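Structural features, examined
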Amino acid sequence: MNQRYTEQARMAIDGAKQVAKGLNHGYIGTEHLLLALAAVEECMAARIMRKYGVNEDKIVDLIERLVAPVKSVSVKERDGFSPRA
């Protein structure tokens, strides 16, 4: 699957996997991709987020308030990604 993505996209996907794991989420969703993109300094998405005052801490806070950690749930299709991701 990763061969069809650019190097930066692969880095974001790998980062999203680590973010989901660190938050004890059994899937990789758009919130994890957003947080991973915010962490890549040279990424255009990260620069735009910084311009509007969005940072990793704010994203994590929002994720923790909106998504409960569930270790027993996992998404089998799409390599563990949620349908929106």
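Look above for the structure.
The following paragraphs examine the structure supplied in this document. Small disclaimer: the values here were computed from a predicted structure and weren't measured.

Examining the environment of Glu 56
Structurally, the position occupied by Glu 56 is in helix α4 (residues 56–66). Spatially, the C-alpha atom of Glu 56 lies 9.3 Å from that of Leu 37, the residues being 19 residues apart in sequence. Setting aside chain neighbours within four positions, we find Glu 56 in contact with Leu 35, Ala 38 and Ala 39.

Describing the pattern of salt bridges
Scanning all chains against the criterion turns up 2 salt bridges. Close ionic contact of Glu 7 with Arg 10 constitutes a salt bridge, the shortest N to O distance being 3.0 Å. On the criterion of helical spacing, the pair formed by Glu 7 and Arg 10 is a turn pair, its members being 3 residues apart in helix α1 (residues 7–22). Judged by its relative accessible area of 48%, Glu 7 falls in the partly exposed class. The class of Arg 10 is partly exposed, set by a relative accessible area of 24%. Across the pair Asp 61 and Arg 65 runs a salt bridge, and its minimum N-O distance is 3.4 Å. You can see Asp 61 and its partner Arg 65 sitting in helix α4, 4 residues apart, about one turn around the helix. When its relative accessible area of 38% is taken as the criterion, Asp 61 is described as partly exposed. Relative accessible area serves as the criterion here: at 60%, Arg 65 is assigned to the exposed category.

Section: a nonpolar patch on the surface
A cluster of nonpolar residues, Met 44, Ile 48, Tyr 52 and Val 54, forms a patch on the protein surface that exposes about 410 Å² of accessible area. In this fold, Ile 48 is placed in helix α3 (residues 44–51).

Regarding the environment of Ile 59
Looking at the element boundaries, Ile 59 is found in helix α4. Spatially, the C-alpha atom of Ile 59 lies 8.0 Å from that of Glu 31, the residues being 28 residues apart in sequence. Not counting chain neighbours up to four residues away, the residues in contact with Ile 59 comprise Glu 31, Leu 34, Leu 35, Ala 38, Met 49 and Val 54.

Here we look at the environment of Glu 31
Assignment of secondary structure puts Glu 31 in helix α2 (residues 30–39). Considering only alpha carbons, one finds Glu 31 and Ala 16, 15 residues apart in sequence, at a separation of 8.4 Å. Sequence-distant contacts of Glu 31, that is, excluding residues within four places in its chain, are made with Ile 59, Ile 63 and Val 67. At 2.5 Å, the side chain of Glu 31 forms a polar contact with the side chain of Tyr 27.

Conventions we followed
Each chain carries its own residue numbering, running from 1 in the written order of its sequence. For a predicted model such as this one, the threshold for reporting local features is a pLDDT of at least 70, and the threshold for listing and counting side-chain atom pairs is 80 or more; totals across whole chains, interfaces and linings nevertheless cover every residue. To obtain the side-chain values, all non-hydrogen atoms of the structure were included, while hydrogens and water were left out. The helix count covers DSSP runs of H or I at least four residues long, the strand count covers runs of E at least two residues long, and both are numbered beginning at the N terminus. The contact definition used throughout considers only heavy atoms, calling two residues in contact when any of these lie within 4.5 Å. Basic side-chain nitrogens of Lys or Arg form a salt bridge, by our definition, when they fall within 4 Å of a carboxyl oxygen of Asp or Glu. The classification of residues rests on relative accessible area computed with a 1.4 Å probe and restricted to protein chains. Under 20% of the type maximum is buried, over 50% is exposed, and intermediate values are partly exposed. Patches in this entry comprise residues that are over 30% relatively accessible and not in a salt bridge; like charges within 9 Å are linked, as are nonpolar side chains (Val, Leu, Ile, Met, Phe, Trp, Tyr) within 5 Å. Computed with a 1.4 Å probe, the accessible areas rest on the Shrake-Rupley method; for each residue, only the protein chains presented here act as cover. Each polar contact in these results corresponds to two N or O atoms within 3.5 Å; when the atoms are within protein, one needs to be able to donate a hydrogen and the other to accept it, and residues that are neighboring in sequence are counted only if both atoms are side-chain atoms.

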